[in-house]
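# Structural overview
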Amino acid sequence: MINMQTPNLMEAKKRTKIMPKTFSYVLDDKYKDLGQGKKYFIKTYGCQMNEHDSENIKAILEEMSFVETDKMEDADLILLNTCAIRENAHNKVFGMVGRIKHLKESKPNIIAGLCGCMVQEESITDEILDKYKWLDIVFGTHNISDLPKLLSSSITNKSLSLEVYSIEGDIIENIPAKRDSKYKAWVNIMYGCDKFCTYCIVPYTRGKQRSRKPEDIINEVKKLKHDGYKEVTLLGQNVNAYGKDLDINYEMSDLLKDVAETGIERVRFITSHPWDFTDEMIEVIAEYDNVMPYIHLPLQSGSDRILKLMGRRYTKDSYLNLYNKIKKMVPSAAITTDIIVGFPGETEEDFNETLDVVHKCKYDSAFTFIFSPRIGTPAAKMKDDISLKEKEDRLHRLNEIINEYAKEANDKYLNQEVFVLLEKISEKKENMLAGYTDTMKLVNVKAPFSKLGQIVKVKITSVKTWSMDGEIVE
Ligand code: 5AD
Ligand code: SF4
């Protein structure tokens, strides 16, 4: 094995005061033809951050002359961009790895690789080195810009190239992106997370919080606007903490304002942590028509006792105060959330506190999860004596209520006129286009293909729990 850098959890946990350095990505000429005549296939698991990383990986591969295929069986290079947030991701990925091994038996020249959050875990790279040494490349979330070097080394040496840094990480600007959409774009505003919620693996897999410089973000948005993009989503694990690591007096509300002032038609942002949500942020959302009234505000639990164990640093009351403040200042805002049930030691009483918040907030929708212990996080060591059956029962009860409120929220849209960015052909409805309202409601619209990419006024004609139908009004 020539190239080998394995992750280290203790290292990944460290936070120093050293400012991250910014580097600019350029592809060395010697790699430009490496993929000549070869096809690549990439499968992405997990969050929008991973989706956007895959857009970067695709563009790097295409600069190296690889061509994309959506059939794994046709590919010369197969990459799985993985997620570590919960245990079930592990099984899905290794199931796919088994299929790739099978393919490699008949086509031994296939280059097979794993990247993303899962490989940042020591236990995973140990497993790879033990059972999956036949893989060709493994690279972490800090190593995307090294992909050309790793691929070249793997091809030359015909052995596994594994490079997973656990250092705090730098910022690499100018990595190209092959965006999935021509109309809406992800824009990273920061990397990593310093919150260390006790259940969460992200601060280890994505490293220290590193905010991009405001001018780099704004220039990217201006360029996207110039290229015809209608919508940008500012991405970060905890966008409200943007700028706290920079030595300038500039925070998320300033960035949101400056991005809104580029005049791009729609600005979104995810994900917010209630802890850092300032009044200034709410004011900017209220003030600028092109900042979308849609806020994802993860609750995780409604019990003060559990919130404390989770290290969330807010209480049920302070969360509700923030929620009410947002609703008061931005009455049209749709608010969604994330909730974990079955955190170690969660009692029925704690769970009822969560349900109480759900009844008060009547969320537009929610992502709900059963707690999944992640090796190395404090919560994984906490005593967990709730049975899986009980956890599943809580999840089921929670989802029933979430669904009711989601339908209730959608019902208010019936016969209303809303603006929809038509971004794709509807997956469910024949001859219809689909897109999202300002408030992130999925709408299937009867409209000609020529309207793709446009923001149109739509009258809602029917409503279901997770989508609506509508017609264009001229
Ligand atoms: N177990 C279950 N859910 C988790 N999440 C994060 N870590 C875990 C875990 N260990 C959920 C949180 C977070 C969302 C992205 O995933 O709700 O907001
Ligand atoms: Fe994980 Fe908490 Fe950071 Fe979100 S804020 S990524 S839940 S540690």
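Residues numbered from 1 in each chain as written. Chains lettered and ligands numbered in written order. Predicted model: local features only at pLDDT ≥ 70, side-chain atom pairs only at ≥ 80, totals over all residues. Heavy atoms only, no water.

## Considering the site of ligand 2
- All residues in the neighbourhood of ligand 2 are listed as Cys 193, Lys 195, Phe 196, Cys 197, Tyr 199, Cys 200, Val 202, Pro 203, Gln 237, His 273 and Arg 312.
- Among the residues making up the shell around ligand 2, the classes are represented as 7 nonpolar, 2 polar and 2 charged. (Near = heavy atom within 4 Å. Nonpolar A, V, L, I, M, F, W, Y, C, P; charged D, E, K, R; others polar.)

## Side note on the site of ligand 1
- Lining the immediate environment of ligand 1, one finds Ile 85, Arg 86, Tyr 199, Gln 300, Asp 338, Ile 340, Phe 369, Ile 370, Phe 371, Ser 372 and Arg 374.
- Within the side chain of Gln 300, one N or O atom sits 2.6 Å away from an oxygen atom of ligand 1.
- In the complex, the protein chains occlude 86% of the 410 Å² of accessible area that ligand 1 would expose alone.
- Of all the secondary-structure elements, those providing two or more residues to the shell around ligand 1 are β16 (334-341) and β17 (365-370). (Polar contact = N/O pair within 3.5 Å; in protein donor to acceptor, adjacent residues only side chain to side chain. Areas by Shrake-Rupley, 256 points an atom, 1.4 Å probe, with all protein chains shown as cover. Helix = DSSP H or I, 4+ residues; strand = E, 2+ residues; numbered from the N terminus.)

## Digging into the nonpolar core
- Counting residues in each nonpolar core, the largest one holds 58 residues, and the members touching the most others are Leu 234, Met 252, Leu 256 and Phe 269.
- Excluding anything up to four places from it in sequence, Leu 256 contacts Leu 234, Val 267, Phe 269, Met 281, Val 284, Ile 285 and Val 291.
- Membership of the second largest hydrophobic core comes to 28 residues, among which are Tyr 45, Phe 94, Met 96 and Val 119. (Core = buried A, V, L, I, M, F, W, Y, C linked by side-chain atoms within 4.5 Å. Buried < 20%, exposed > 50% of the residue type's maximum accessible area, 1.4 Å probe, protein only. Contact = heavy atoms within 4.5 Å.)

## What to know about the environment of Val 420
- Mapping Val 420 onto the fold places it in strand β18 (residues 417-425).
- Overall, Val 420 belongs to the buried group, its relative accessible area being 0%.
- Taking C-alpha positions, Val 420 is 35 Å from Ile 201, a pair spaced 219 residues apart along the chain.

## Overview of the packing of aromatic side chains
- If you walk through the whole model with that rule in mind, you get 8 aromatic pairs.
- Measuring from ring centre to ring centre gives 5.5 Å for Phe 196 and Tyr 204, while their planes differ by 85°; the resulting arrangement is edge-to-face.
- Judged by centre distance (6.3 Å) and plane angle (85°), the ring pair of Tyr 323 and Tyr 363 falls under edge-to-face. Of this pair, Tyr 323 sits in helix α11 (residues 316-329) while Tyr 363 sits in the loop between α12 (348-361) and β17, placing them 40 residues apart in sequence. Pair check on accessibility: Tyr 323 and Tyr 363 agree, each one buried.
- An aromatic cluster is defined as three or more aromatic residues linked by ring pairs; in this entry it consists of Phe 94, Tyr 132 and Trp 134.
- Its end group placed over the ring of Tyr 45, Lys 43 keeps NZ or CZ at 5.3 Å from the ring centre.
- Against the face of Trp 275 rests Lys 195, its NZ or CZ located 4.1 Å from the ring centre. (Phe/Tyr/Trp six-rings, centres within 6.5 Å; stacked < 30°, edge-to-face > 60°. Lys NZ or Arg CZ within 6 Å of the ring centre and 35° of its normal.)

By themselves, these are just geometric observations and shouldn't be taken as functional.
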